[in-house]
Amino acid sequence: MTSDLGRETALSLKGVSYTYPGSESPALDGINFDVRRGEIVFVTGPTGAGKTTLCLAASGILYHEYGGTLNGAITILGKSARDYRSMAEIGRHVGVVFDDADAQLIFSTVEEEVASGLENLGISREEMRRRLRQVMEATGIADLADRAPHTLSGGQKQRVAIAATLALGTEVLVLDEPTAELDAEATGAVSALLRRLSGEGTAVLIVEQKLGAIAAIADRMLLVEGGAITREGSPAQMIQAALTKGGSVRPTAPAAVPRSEAPPLISVRGLVHRYDGVTALGGLDLDVAPGEIVAVVGENGSGKTTLVKHFNGLLRPTEGSVTVDGLDAATVPVAELARHVGLVFQNPDTMLFAETVEGEVAFGLQNIDPGDPGHPVDAALAEVGLLHRKAAYPRSLSRGERQRLAIACVIAMRPKVIVLDEPTTGLDARESGRVMDILGRLRYEGHTVVMVTHDMHLVENYADRIVRMEQGRIVRDERTYGEEACPKLCSTSPVRAPFTASTHSPN
């Protein structure tokens with residue numbers, strides 16, 4: 001952390017307010033703060049508080065890519081964001097990483113992805129190779145250089161997006177949930193790299209829900225609630241104040257469902273999967289019983305998402321077999337498997353495209369049974385607490401509401417198995433609890449829930465079983481209920497942000 005806060009201001013927002021097109025309430029309301037060269041400013045707050053919109057403002061994107069109403073002054077390196085000709089010009093000075101890594105990765109290999117921006121900087125080949133090697137080693141992706149980005153796990157993709165931005169060597173970094181999908185080791189590596197860059201004079205603005213390693217390197221911490229900065233101080237002071245106030249939320253798991261003696265609903269035998277010759281799964285055996293909540297945990301790239309994509313036919317086995325509700329998942333059409341298995345992706349935005357919340361839920365039902373006039377859309381929306389938003393535009397919802405909408409789209413079809421990939425990524429403690437309460441109720445109604453997650457606090461409160469994966473293999477499979485869950489596995493989990501103010505306008 002820098003000790004010299006008298007350095008030149010790199011980024012400044014003064015009286016910034018912003019209202020999205022078609023919205024009546026502002027997403028940002030009178031934002032004032034500076035980030036100096038060599039300073040790391042950490043921003044946190046509840047889901048829907050306006051943190052992502054703040055990143056869009058700070059990086060100049062609201063001026064050049066969005067409509068809506070923007071007031072106040074945004075200054076980047078002493079120049080108004082309005083006076084930059086385009087985002088391409090701003091991009092020479094400001095590096096931006098958002099939480100949707102897929103939207104930022106367009107090249108055929110990881111090395112090409114990281115090197116792409118360097119080729120436009122006019123630096124020597126020797127300097128390009130030095131930066132490329134340094135940043136890929138620092139973010140732990142050197143061994144992925146020849147891999148295609150689409151074959152990577154969510155956490156690996158996030159590391160590639162971070163590396164591609166950091167390699168540019170910009171004077172300002174704006175990072176929105178950059179470590180949300182990273183394991184503890186990768187988060188620590190990114191934290192160390194950011195601290196080194198700040199020591200060299202880079203100004204860093206970083207939004208995160210989880211505290212721990214990232215908060216530890218910050219100089220200042222801002223709490224955003226309802227589109228406004230409501231508190232500011234050192235990370236230690238802010239965290240202590242929140243704990244003293246008693247703001248943390250600990251979800252209460254529903255009563256455990258008795259173990260079923262029925263045959264497994266999911267049966268995996270000798271499952272091998274390879275991407276372009278790279279073995280992602282190395283011979284897995286797994287049974288999942290009806291009515292279980294199974295948490296699949298492990299480091300980025302351990303094979304978690306690859307495993308669960310076999311349950312609904314998005315991936316087919318290279319070797320071995322996967323049976324779901326008596327169906328061979330290797331041969332049954334995906335549309336047929338969708339009647340039995342619903343999948344909620346890491347990023348709910350990849351599932352949302354309709355003009356209304358009601359339309360999103362109805363779409364999947366119409367595909368499965370277009371002749372059924374009794375679509376249970378309202379019941380699904382009521383289950384996730386969104387019935388009152390049925391006429392809303394999905395993209396206008398907060399991050400937590402969009403996550404619940406994605407779940408509603410799946411549960412409306414009443415599949416026996418519900419698979420969720422990182423269901424609480426980017427959500428605050430309160431919204432995470434709401435999502436897990438929904439899953440707990442579904443499990444109690446007889447659904448089987450399989451969730452991929454890094455959040456061990458939720459695992460210890462909700463999971464009936466913990467399946468730990470390493471390098472494409474299952475290395476641990478244990479059954480537990482309640483707080484007796486995984487005392488060792490949970491010991492290194494990241495601290496969740498203790499701020500729990502209720503949600504506001506879209507984030």
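This is a predicted model, so every value here is computed, not measured.

Student: Summarise the sheet that holds strand E4 (residues 69–76); cite the residues concerned and give the values.
Tutor: What the four strands build is an open sheet, ordered E2-E1-E4-E5; its pairing is antiparallel. If you trace the sheet from one side to the other, it starts and ends with strand E2 (28–36) and strand E5 (79–80), each paired once. In the sheet, E4 pairs with E5 via two bridges, with the strands oriented antiparallel. Within E5, the residue paired with Thr-75 across the bridge is Ser-80.

Student: Account for helix H1 (residues 51–58), naming residues and giving values.
Tutor: Here H1 lies mainly inside the structure; eight of its eight residues are buried. Listed in full, the buried residues belonging to H1 are Lys-51, Thr-52, Thr-53, Leu-54, Cys-55, Leu-56, Ala-57 and Ala-58. Remark: Gly-60 follows H1 within two positions and exhibits a positive phi of approximately 85 degrees.

Student: Let's hear about the packing of helix H6 (residues 154–166) against helix H7 (residues 184–199): which residues, and what values?
Tutor: It is the contact of H6 with H7, at a shortest axis distance of 12 Å, that shows an interaxial angle of 10 degrees. By the angle between their axes, H6 is roughly parallel relative to H7. Residues Arg-159, Ile-162 and Leu-166 of H6 form the contact with H7, whose own contacting residues are Ala-186, Val-190, Leu-193, Leu-194 and Leu-197. Residue composition of the contact of H6 with H7, grouped by class: seven nonpolar, no polar and one charged.

Student: Give me the lowdown on the pattern of salt bridges, citing residues and values where you can.
Tutor: In total, this model carries 24 salt bridges according to the counting rule given. When the shortest N-O distance is used, the salt bridge between Arg-131 and Glu-127 registers 3.1 Å. Of this pair, Arg-131 and Glu-127 both sit in helix H5 (residues 125–138), four residues apart, roughly one helical turn. With relative accessibility at 23%, the residue Glu-127 sits in the partly exposed group. Among the salt bridges present, the one from Glu-319 reaches Arg-274, with a minimum N-O distance of 3.2 Å. Residue Glu-319 is located in strand E14 (residues 319–324), and its partner Arg-274 is located in strand E11 (residues 266–275); the two are separated by 45 residues in the primary sequence. Classification of Glu-319 by relative accessible area gives partly exposed; the value is 39%. Several salt bridges share partner residues, and in doing so they unite Arg-36, Glu-39, Arg-220 and Glu-232 into one network.

Student: An account of the sheet that holds strand E8 (residues 203–207) is needed here, citing residue identities and associated values.
Tutor: In space, the six strands of this open sheet follow the order E6-E7-E8-E3-E9-E10, with mixed pairing throughout. Either end of the sheet is taken by a strand with one partner, and the two such strands are strand E6 (94–97) and strand E10 (228–233). Sheet twist, expressed as the mean angle between neighbouring strand axes with direction ignored, is 15 degrees. Where strand E9 (residues 220–225) meets E10, five bridges bridge the pair, whose relative direction is antiparallel. Looking at the pairing, Met-221 lines up with Gly-233 of E10. Along the sheet face, H6 touches E6 and strand E7 (172–176) and points at about 175 degrees away from the line of E6.

Calculation rules
- Residues numbered from 1 in each chain as written.
- Predicted model: local features only at pLDDT ≥ 70, side-chain atom pairs only at ≥ 80, totals over all residues.
- Heavy atoms only, no water.
- Pairing = 2+ DSSP bridges.
- Helix = DSSP H or I, 4+ residues; strand = E, 2+ residues; numbered from the N terminus.
- Buried < 20%, exposed > 50% of the residue type's maximum accessible area, 1.4 Å probe, protein only.
- Axes fitted to C-alpha atoms, helices over the stretch in contact; angles between N-to-C directions.
- Parallel < 35°, antiparallel > 145°, perpendicular 65-115°, else oblique.
- Contact = heavy atoms within 4.5 Å.
- Nonpolar A, V, L, I, M, F, W, Y, C, P; charged D, E, K, R; others polar.
- Salt bridge = Lys/Arg side-chain N within 4 Å of Asp/Glu carboxyl O.

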